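A closer look at the structure
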Amino acid sequence: MRAGGLLLALGVLALAALLGLAVGAKPIPPGVVWDALWHFDGSYDHTVIRGLRVPRTALGVAVGAALGLAGALMQALVRNPLADPGLLGVNMGATTAVVAAIHLFGLTGVDVYVWFSFVGAAAASVLVYLLGSRGRTGATPVRLALAGTAVSAVLLGVTNGVVLFDDFVFEEIRFWQVGSLTGRDLEILGSVAPFLVGGVLLALSLGRSLNAIALGEDLAAALGARIGRVRALTATAVVLLCGAATAAAGPIAFVGLAVPHAARLLTGPDQRWLLPYSAVLGAVLLVASDTLGRVVLPHGELEVGIITALVGAPVFVFLVRRTRMPRL
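One structure accompanies this document, and this report is about it.

Criteria and cut-off values
Residues numbered from 1 in each chain as written. Predicted model: local features only at pLDDT ≥ 70, side-chain atom pairs only at ≥ 80, totals over all residues. Heavy atoms only, no water. Helix = DSSP H or I, 4+ residues; strand = E, 2+ residues; numbered from the N terminus. Buried < 20%, exposed > 50% of the residue type's maximum accessible area, 1.4 Å probe, protein only. Contact = heavy atoms within 4.5 Å. Areas by Shrake-Rupley, 256 points an atom, 1.4 Å probe, with all protein chains shown as cover. Lys, Arg positive; Asp, Glu negative; His and termini not counted. Charge placed at Lys NZ, Arg CZ, Asp CG, Glu CD. Core = buried A, V, L, I, M, F, W, Y, C linked by side-chain atoms within 4.5 Å. Salt bridge = Lys/Arg side-chain N within 4 Å of Asp/Glu carboxyl O. Axes fitted to C-alpha atoms, helices over the stretch in contact; angles between N-to-C directions. Parallel < 35°, antiparallel > 145°, perpendicular 65-115°, else oblique. Left-handed = near helix turned anticlockwise from the far one by under 90°. Nonpolar A, V, L, I, M, F, W, Y, C, P; charged D, E, K, R; others polar. Phe/Tyr/Trp six-rings, centres within 6.5 Å; stacked < 30°, edge-to-face > 60°.

Comments concerning the overall build of the chain
If you tally the helices and strands in the chain, you get 14 helices and zero strands. If you list the helices and strands of the chain from N to C, you get α-α-α-α-α-α-α-α-α-α-α-α-α-α. Counting the 328 residues in the chain, one finds 49% classified as buried. A fraction of 74% describes how many contacts in the chain between residues 6 or more apart in sequence connect residues 24 or more apart. A total accessible area of about 15400 Å² is found for the chain, and carbon and sulfur atoms account for 69% of it. Considering the chain, the positive charge centre built from 22 side chains and the negative charge centre built from 17 side chains are found 18 Å apart.

As for the side chain of Thr-267
Along the chain, the position of Thr-267 falls in helix α12 (residues 255-267). Not counting residues within four places of it along the chain, the set of residues in contact with Thr-267 comprises Arg-2, Trp-273, Leu-274 and Tyr-277.

So, the nonpolar core
Among the nonpolar cores identified, the biggest contains 77 residues, and Val-63, Leu-73 and Ile-252 are the most heavily contacted of them. In contact with Leu-73, not counting residues within four places along its chain, are Ala-203, Leu-210, Thr-234, Ala-237, Val-238, Leu-241 and Leu-275. With seven residues, the next largest nonpolar core counts Ile-28, Ala-36, Val-48 and Ile-49 among its residues.

Brief notes about the pattern of salt bridges
Applying the stated criterion across every chain, the model contains six salt bridges. The partner of Glu-301 in a salt bridge is Arg-56, and the shortest N-O contact between them spans 2.6 Å. Within this pair, whereas Glu-301 is found in the loop between α13 (271-295) and α14 (304-322), its partner Arg-56 is found in helix α3 (residues 44-78), the two being separated by 245 residues in sequence. Residue Glu-301 is classed as partly exposed on the basis of its relative accessible area, which comes to 31%. Residue class for Arg-56 comes out buried when judged on its relative accessible area of 10%. A salt bridge links Asp-290 to Arg-294; the nearest nitrogen and oxygen atoms lie 3.0 Å apart. In this pair, Asp-290 and Arg-294 both sit in helix α13, four residues apart, roughly one turn of the helix. Given a relative accessible area of 2%, Asp-290 falls into the buried group. Given the relative accessible area of 7%, Arg-294 is considered buried. Connected through salt bridges with shared partners, the residues Arg-56, Asp-290, Arg-294 and Glu-301 form a single ionic network.

A few points about the packing of helix α8 (residues 186-204) against helix α11 (residues 227-249)
Where α8 contacts α11, the axes come no closer than 8 Å and their chain directions differ by 160 degrees. It follows that α8 is roughly antiparallel to α11 by the angle criterion. Remark: the crossing between α8 and α11 carries left-handed chirality. Every residue of α11 that contacts α8 at Ile-188, Val-192, Phe-195, Leu-196, Gly-198, Gly-199, Val-200, Leu-202 and Ala-203 is listed here: Leu-233, Thr-236, Ala-237, Leu-240, Leu-241, Ala-244, Ala-245 and Ala-248. Here the contact of α8 with α11 is built from residues that sort into 14 nonpolar, three polar and no charged.

A short note on the environment of Arg-226
Relative to the elements of secondary structure, Arg-226 occurs in the loop between α10 (217-222) and α11. What makes Arg-226 exposed here is its relative accessible area of 60%. Through-space distance from the C-alpha of Arg-226 to that of Ser-133 is 21 Å; in sequence the pair is 93 residues apart.

Details of unusual backbone geometry
Where the residue is not glycine, phi is negative for most of them; where a peptide bond is considered, it is trans in most cases. Unusually for a residue other than glycine, Phe-254 sits at a positive phi of about 75 degrees. Considering the arrangement of structural elements, one finds Phe-254 in the loop between α11 and α12.

Looking at the packing of aromatic side chains
Applying the stated rule across the entire model yields five aromatic pairs. With centroids separated by 6.2 Å and ring planes inclined at 40 degrees, the aromatic side chains of Phe-105 and Phe-116 adopt a geometry described as tilted. Residue Phe-105 is located in helix α4 (residues 90-105), and its partner Phe-116 is located in helix α5 (residues 110-132); the two are separated by eleven residues in the primary sequence. Take Phe-105: its relative accessible area is 55%, and that puts it in the exposed class. On the basis of an interplanar angle of 85 degrees and a centroid distance of 5.2 Å, the ring pair of Trp-115 and Phe-195 is categorised as edge-to-face. On the criterion of sequence distance, the pair formed by Trp-115 in helix α5 and Phe-195 in helix α8 is long-range, its members being 80 residues apart. Taken together, Trp-115, Phe-118 and Phe-195 form an aromatic cluster joined through their ring pairs.

Considerations on the environment of Asp-35
With respect to the helices, strands and loops of the structure, Asp-35 is situated in helix α2 (residues 30-38). As a C-alpha pair, Asp-35 and Ala-9 span 26 residues in sequence and 25 Å in three-dimensional space. When residues no more than four places from it in sequence are discounted, the contact partners of Asp-35 are Phe-40 and His-46.

Here it is as structure tokens:
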């Protein structure tokens, strides 16, 4: 049943990708899309498909899968239903590090951004956890959410201050900062692909261990789970996925929050199935959001980060209202 559902989700992803290739400022019939992929003739429509929409859609699949998977990992790691890379400051940490690289060192290019993105994501994760775990109650969902919001707000202020006063930084990241797939080429995907692949493989290998930790640390230890090792590997996978995704497409919010909850409705709490479902559904959400952003306005388009925020904010409010939160 779960295997069949995963195959169905992959079919939906294939359909979303096909729509991503066909839909845009100039709609292109599916037959022409097929010919452009397999019988390229150099025509305008074929060039648009090969040069613009294929890289954009491929990057959307990769980034969406990474963010959905990272959100599921974070929710399992901290046992917090409101955890996601955006809410807990990971994306904003990566963004701030990239802005610092441009402002302080004049560096440009995704192959450079990705390393600073990793450092920023890791530093923000550690800071949020340290702030959220202070006190006798430890790292409760409310504390972590508040700590993540506070850290994100500070980093956002720093980032915006640099962007406002440095024209070079503004020109480099004005579209990247809101979360965008526009104008990306396959070289960008190639730069981050090794990190994304490593993060995905590491994440999928942790399903059984995360199931054990969900039972409680004492029982997990009794079952042979090496809790410290599992946490370190999970955090490493999150940093790889978020760092690479943010370097390639900018900070995209709410995918990691909403997607694991949707996947959990289909799979239950079993991480062995929840993780691959989250990856596929995350890719579906991002590709569909990017396609919607191209047609929602009569002239021009909305960046994918804006669409996911518009979709994800109501989901976040709904989750906060329905989730029983422990006291501070």
